[in-house]
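Chain and residue survey
What follows is the residue order along each chain.
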Amino acid sequence: MFRNRSDRAPAQAAAVPAPTELATAAGRSSRYRSSTSALLGAIVLAASIAIGNFVGWDRAHPTVFAPDFYGQISGLAYNAFGRWDSPLEKKYPEYDSIENDMGVLARHTTRVRTYSSNELPVLPALAEQHQLYLTAGVWLDAREDNNEKEIRALEQAVRINSSIERVIVGNEQILHGAFTPAELILKIREVKRRARKPVSTAEPWHVWLRYPELAANVDFITVHLLPYWEGLPVKDALEYSFDRLRQVEEKFPNKKIVIGEVGWPSQGDRRMGSYASPANQAQFIREFLVRAQARNLDYFLMEAIDQPWKIDNEGRAGPYWGIMNAERTPKFSTQGPIETDAGWRTKAALSSTIGMIALFLFMLKFYRLRLPSRIAFGLALQAVVSLFIWLLAIPFDYYMQPMDWVFVAILGPSLIAMSAILLANGFEFAEMFWPGNLKRRFGRKPLAAGARQPKVSLHLACCNEPAEMVIATIRSLARLDYSNFEVLVIDNNTRDDRLWKPVQEFMATLDDRFKFFHLPKWPGYKAGALNFALKQTDPHAEIVGVVDADYVVVSRWLKDLVGHFDDPKTAVVQCPQAHRTWGRQIFRRMMNYEYDGFFRIGMHHRNERNAIIQHGTMTLVRAQALKNHGNWSEWCICEDAELGLRLMDAGYSAVYVDEVMGRGLTPDTFYAFKKQRRRWAQGAIQILKAHTGTLFGRSNVDAGQRYHFVAGWFSWIGDALHLVFAFGAMAWTIGIVGAPHLFSLPIQLFMIPLMVFFVCKALMGPLLYLRRVRCSLPDVMGSALAGMALSHGIAQGVFAGLWHKTAVFEITEKGAGDSAPAAADASALQMEAARPAAAVRQAGPAWAGVREEALLLIGLLFCVAAMAWTRLPNHLESAMWMTILVLQAVPYAAALSCAGLSALPEFRTRTRPRHSLQTAAASAGPRLLATARVMSGVNDGGGTPSGA
């Protein structure tokens, strides 16, 4: 037995896997468990949100209970017109259609009320064939010849048909001021004499109470009880109606009373407390039918069949009074629970199914995001899907008029774009709001001690820049703690000798690493100057650095970052833009934090998928990659971002290091600020147009990079749509006020998504700022105001990029009007703090460049005033439209506010306390000294970097 065991031992030993095999197996097992966990997690989360969506639809559509009604309806008011018929356009229904209607009505009632005898002379005979009793109408208006035709048609119908049992002359003639009581009484007497049937006229309850002489001249009183038009909530409407009926009965105890119209619309505008909906219509009518049956009332429901043509006369509610729709299908049952929306289950199931598929794919792809992030974006995604299903169903719930379809054609694409913007912003919010989601992060990477320093060629392009500002930048470059570099200053297209010659003279005082070139007339704007610099670059340079003319860099910039180029795939190392001397002027402070948000939020969001926007300052580029892939593009006014995309397509990666390695100046005025952003927006569209194949076709750019280079500019496209919608909203408002018979207010359901979009945009930005940017709540609000103020400038840039093939590189004015002395660069916390003293340029009037915003603001506010002047009291749809107009006006008001704030003088700093603070702090060490400088305003743009 022992021998057998020993014989088997070698075989057992041989079966033991090697350590590398164990590691490989363990890795496979770990990946399997990870993928299984991700799959199950995606299924659970997607299913949970989809189920929650269905439950939400259910809660939004509660079942309504009303008394069951059994039996026949006493009578139905009837118009024979179909979906596309209209007496206003002389489009009348065919004989077969009317005959079919009589058969349908006969299943519900034995009495029918009509409004005209001349329009449809075949109707009495058809009613008689279906054993329906007719209360025939005689339509009256200002045309006396037409009134005579109506009476003559009635005479003939009475003579040859036994179905007509009584007659109603006119319909709400006194209410609408078409006839005086005396004039109407004459018509009533004439019809009595000629028709020899019981005769009445139809008016609301208060008209009968006010004109008792009218009741004295009719054989019966026909009263209208329509509490919707009086603004009653549906819960109070029935009791109110019976109270008014009781008043009429008490006033005229010896007169037979017929309720000529009673009902509630299934759709329409809100009127004070009245809300038109399918559920409210069913509830009111069923409750009325039960009480009317108990009292054996003589009534006509308003009305049998929906009449879409009535929108021109009665507004949004006019078409929807029927208990059957225009296709002759009942809207509700007279027994059982009432559904608030008969099709909500289909909509809910469809939105949940589509949502669950989209959610599953997202949850599987981004399973590494923290759970709150996945849930937050999942809810946003499901909400957008549900919104679209809801909006797609609107044409099935309403009788859309041609102008409604025009509005849909305008608003539909806008809603799609807004949803895309909202989802892009929602994804950024979900990833950036909760810490722990970012995996691709980079910090300083200094060269190892004694390691070879790669040659760096630093390029500074300037055009019409203040000499002192440029010299301050050159001084900071001369203090770099790095030995193997050169600096090429290319001044292009500057005509004023006072701007470029002092720079040339200063450069002559430096060593031979610093070279100056003046190009009096050179093409290609900044890109052209940088390409010239490339030709002058030392052939041994491995890295090209670009810095703007107003930037004062930290001495360790190159030393701390060139180590990233040890990875041969790295082509770009980008630091954030940052600013100095912004704390002494309120608008410069607002601009600083507006810029800061992108580098604390957007760049990290993009960096996670290797899709950062390369910027034309504080950027380092692998020289060989730059030269091999086309240099700087002179056709594009955002040559930096365009280069970054080309290098990504070539298979390189970009590194974002959120360390402040240099600070520049904010623009001088709001106009300069807006002009810069307009250029960026125009350049972005140039890039999208030129690289359509790269972003949407076959290329080396991966899905994440494609997403960020397209979706990343959605918000700017949204600003362009905002401008389009502003013009559209003003034009539509003019139509509503000036031609209400052609233009009506948008359907309420179309306006709700617009308001939700504005609210979500207004909330997400400040919340992210509070989480990711080191600033106070007032600074958050200030940056939001500055960002909104740019909307029109961005829209101009987007449209310019779409319409024009080429563009002009407009320089952003910086450095005008400051007089603080330049400081020395000692550390990251003690950099050049001052704007140059000798600025030749003038900043220009504070209001320059905001005339268009002012005109748009005036136009929108004028439309708001016009709506307020003409709208009905407590009309919800009008109030909603006015709110949308006000929201449209906010960016333009923000632009005017920022233009005014940019003209305010700097805060005055007290020199003596500043020096005393620094002197007292000097003995406490460099960090306390820096703190004192920040407090005193010398380095108010300084401080440690706001890393994410």
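Quick look at the overall build of the protein chain
- Broken down by element type, the protein chain carries 33 helices and 17 strands.
- With 948 residues in all, the protein chain has 56% of them scored as buried.
- Taking the intrachain contacts of the protein chain between residues at least 6 apart in sequence as the baseline, contacts between residues at least 24 apart amount to 79%.
- Surface summary for the protein chain: the accessible area is close to 41,200 Å², and the carbon and sulfur share equals 59%.

Examining helix α6 (residues 181-195)
- Compared with an ideal rise of 1.5 Å per residue, which puts 15 residues at 21 Å, α6 spans 21 Å between its outermost C-alpha atoms and is within 8% of the ideal.
- Where the residues of α6 are buried, they touch α5 (144-160), β4 (164-171), β5 (199-204) and α8 (212-216).
- Looking one or two places after α6, you find R196, whose phi comes out positive at around 55 degrees.

Here we look at a nonpolar patch on the surface
- Together, V759, L763, L767, L770, L777 and M781 give the surface a local cluster of nonpolar side chains, amounting to about 550 Å² of exposed area.
- For the nonpolar patch, the element with the highest residue contribution is helix α27 (residues 748-772), accounting for four residues.
- By the element assignment, L763 lies in helix α27.
- L763 sits in the exposed class, given a relative accessible area of 51%.

Focus: the packing of helix α26 (residues 714-738) against helix α31 (residues 876-902)
- Orientation of α26 relative to α31, taken along the N-to-C sense of each, is 140 degrees, at an axis distance of 10 Å. On the basis of the axis angle, α26 is oblique to α31. Crossing handedness for the pair α26 and α31: left-handed. From α26, H722, L723, F725, A726, A729, W732, T733 and I736 reach across to α31, where they touch W881, I884, L885, L887, Q888, P891 and Y892.
- Here the residues of the contact of α26 with α31 are counted per class, giving twelve nonpolar, three polar and no charged.

Here's the deal with the packing of aromatic side chains
- The full count for this structure, using the stated rule, is 35 aromatic pairs.
- Taking the centre distance of 6.0 Å and the plane angle of 80 degrees together, the rings of Y320 and Y398 count as edge-to-face. Residue Y320 is located in the loop between α11 (311-314) and α12 (344-365), and its partner Y398 is located in the loop between α14 (394-397) and α15 (402-433); the two are separated by 78 residues in the primary sequence. The exposure classification of Y320 matches that of Y398, with both residues buried.
- The ring centre of F220 lies 5.6 Å from the NZ or CZ of R166, which sits over that ring.
- Its end group placed over the ring of Y240, R244 keeps NZ or CZ at 4.5 Å from the ring centre.

Details of the pattern of salt bridges
- Under the defined criterion, the tally for this structure stands at 43 salt bridges.
- In this structure, E659 engages R444 in a salt bridge whose closest nitrogen and oxygen atoms are separated by 3.4 Å. Placement of the pair is E659 in the loop between β16 (653-656) and β17 (662-663) and R444 in the loop between α15 and β9 (456-462), with a sequence separation of 215 residues.
- A residue is classified by how much of its surface remains accessible, and E659, at 18% relative accessible area, is buried.
- Classification of R444 as partly exposed rests on a relative accessible area of 40%.
- Among the charged side chains, a salt-bridge network with shared partners connects R111, E165, R166, K256 and D298.

Concerning the sheet that holds strand β12 (residues 543-546)
- Sheet architecture is open: seven strands sit in the order β11-β10-β9-β12-β15-β14-β16, paired in mixed fashion. Of all the strands in the sheet, just β11 (514-519) and β16 have a single pairing partner and so form its edges. Adjacent strand axes in the sheet meet at a mean angle of 20 degrees when their direction is disregarded.
- Those strands touched by helix α16 (residues 467-478) are β9, β10 (485-492) and β11, and its axis lies near 175 degrees from that of β9.
- In this fold helix α17 (residues 497-507) packs onto β10 and β11, with an angle of close to 155 degrees to the strand it touches most, β11.

A few points about the environment of D298
- In this fold, D298 is placed in the loop between α10 (278-295) and β8 (299-301).
- Sequence-wise, D298 and G75 are 223 residues apart; in three dimensions their C-alpha atoms are separated by 7.7 Å.
- If we ignore the near neighbours within four places in the chain, the residues touching D298 are S74, R166, K256, I257, V258 and I259.

Considering the nonpolar core
- The biggest cluster of nonpolar side chains holds 116 residues, and the ones touching the most others in it are F670 and W881.
- Among the elements that take part in this core, α31 stands out by supplying eleven residues, more than any other.
- Setting aside chain neighbours within four positions, we find W881 in contact with F407, A729, W732, T733, I736, L745, P746, M751 and M867.
- Judged by nonpolar contacts, the second largest core, of 82 residues, contains I98, L123, A215 and A317.

Brief notes about the environment of L790
- Of note, L790 is situated in the loop between α28 (777-789) and α29 (791-803).
- Of the residues examined, L790 reaches a relative accessible area of 1% and is grouped as buried.
- In sequence terms L790 and Y892 are 102 residues apart; their C-alpha atoms lie 8.7 Å from each other.
- In this view, L790 contacts E594, F670, F673, K674 and R677; residues no more than four positions away in its chain are not counted.

So, the side chain of H564
- With respect to the helices, strands and loops of the structure, H564 is situated in the loop between α19 (557-561) and β14 (570-574).
- A residue is classified by how much of its surface remains accessible, and H564, at 8% relative accessible area, is buried.
- Here the side chain of H564 touches G443 through a polar contact of 2.7 Å, landing on its backbone oxygen.
- If near-sequence neighbours (up to four positions away) are discounted, H564 is found in contact with F442, G443, R444, K445, T570, V573, V655 and V657.

Points about the packing of α28 against α31
- Direction vectors running N to C along α28 and α31 enclose 110 degrees, while the axes themselves pass 7 Å from each other. It follows from the interaxial angle that α28 and α31 lie roughly perpendicular. For α28 against α31, the interelement crossing comes out left-handed. Between α28, through L785, A786, M788 and A789, and α31, the contact on the second element is made entirely by V890, P891, A894, A895, C898 and L901.
- Residue composition of the contact of α28 with α31, by class: ten nonpolar, no polar and no charged.

Notes on the pairing of strand β3 (residues 133-138)
- Of all six residues in β3, five are buried, a share of seventy percent or more.
- Note: strand β2 (residues 111-113) against β3, three bridges, orientation parallel. Looking across to β3, one finds that R111 is bridged to Y133.
- Handedness of the β2-helix α4 (residues 123-129)-β3 crossover: right-handed.
- Crossover connection from β3 via α5 to parallel β4: handedness right-handed.

As for the pairing of β9
- Within β9, seven of the seven residues are buried, leaving the element largely enclosed by the surrounding structure.
- Here β9 shows a buried face lined by V456, L458, L460 and C462 and a second buried face lined by S457, H459 and A461.
- Sheet topology places β9 next to β10; seven bridges connect them, and they run parallel. The residue of β10 that forms the bridge with L458 is V487.
- The sheet contact formed by β9 and β12 spans four bridges and is parallel.

Examining α16
- The end-to-end C-alpha distance of α16 is 16 Å, a good match for the 16 Å that twelve residues give at a rise of 1.5 Å each.
- In terms of residue burial, α16 counts as a mostly covered element, since nine of its twelve residues are buried.
- For α16, the complete set of buried residues consists of A467, M469, V470, I471, A472, T473, I474, S476 and L477.

Here we look at unusual backbone geometry
- Between M302 and E303 the backbone carries a cis peptide bond, its omega angle lying at -5 degrees.
- Tracing the chain through its elements places E303 in the loop between β8 and α11.
- Here Q131, not a glycine, exhibits a phi torsion of approximately 60 degrees, which is positive.
- The class for Q131 is exposed, based on a relative accessible area of 68%.
- Residue N610 is not a glycine yet carries a positive backbone phi of 55 degrees.

Quick look at the confidence of the model for the protein chain
- Counting all residues, the mean pLDDT for the protein chain is 87, and 88% of those residues have values of 70 or more.
- Of the regions scoring below 50 in pLDDT, residues 817-844 engages in 82 contacts with residues more than four places distant in sequence or in other chains.
- Predicted confidence is poor over residues 911-948, with pLDDT under 50, and the contacts of this stretch with residues over four places away or in other chains come to 58 contacts.

Calculation rules
Residues numbered from 1 in each chain as written. Predicted model: local features only at pLDDT ≥ 70, side-chain atom pairs only at ≥ 80, totals over all residues. Heavy atoms only, no water. Helix = DSSP H or I, 4+ residues; strand = E, 2+ residues; numbered from the N terminus. Buried < 20%, exposed > 50% of the residue type's maximum accessible area, 1.4 Å probe, protein only. Contact = heavy atoms within 4.5 Å. Areas by Shrake-Rupley, 256 points an atom, 1.4 Å probe, with all protein chains shown as cover. Expected span 1.5 Å × (residues − 1). Patch = residues over 30% accessible without salt bridge, like charges linked within 9 Å, V, L, I, M, F, W, Y side chains within 5 Å. Salt bridge = Lys/Arg side-chain N within 4 Å of Asp/Glu carboxyl O. Axes fitted to C-alpha atoms, helices over the stretch in contact; angles between N-to-C directions. Parallel < 35°, antiparallel > 145°, perpendicular 65-115°, else oblique. Left-handed = near helix turned anticlockwise from the far one by under 90°. Nonpolar A, V, L, I, M, F, W, Y, C, P; charged D, E, K, R; others polar. Phe/Tyr/Trp six-rings, centres within 6.5 Å; stacked < 30°, edge-to-face > 60°. Lys NZ or Arg CZ within 6 Å of the ring centre and 35° of its normal. Pairing = 2+ DSSP bridges. Core = buried A, V, L, I, M, F, W, Y, C linked by side-chain atoms within 4.5 Å. Polar contact = N/O pair within 3.5 Å; in protein donor to acceptor, adjacent residues only side chain to side chain. Right-handed = clockwise from strand over helix to strand, strands pointing away. pLDDT = per-residue confidence, 0-100.

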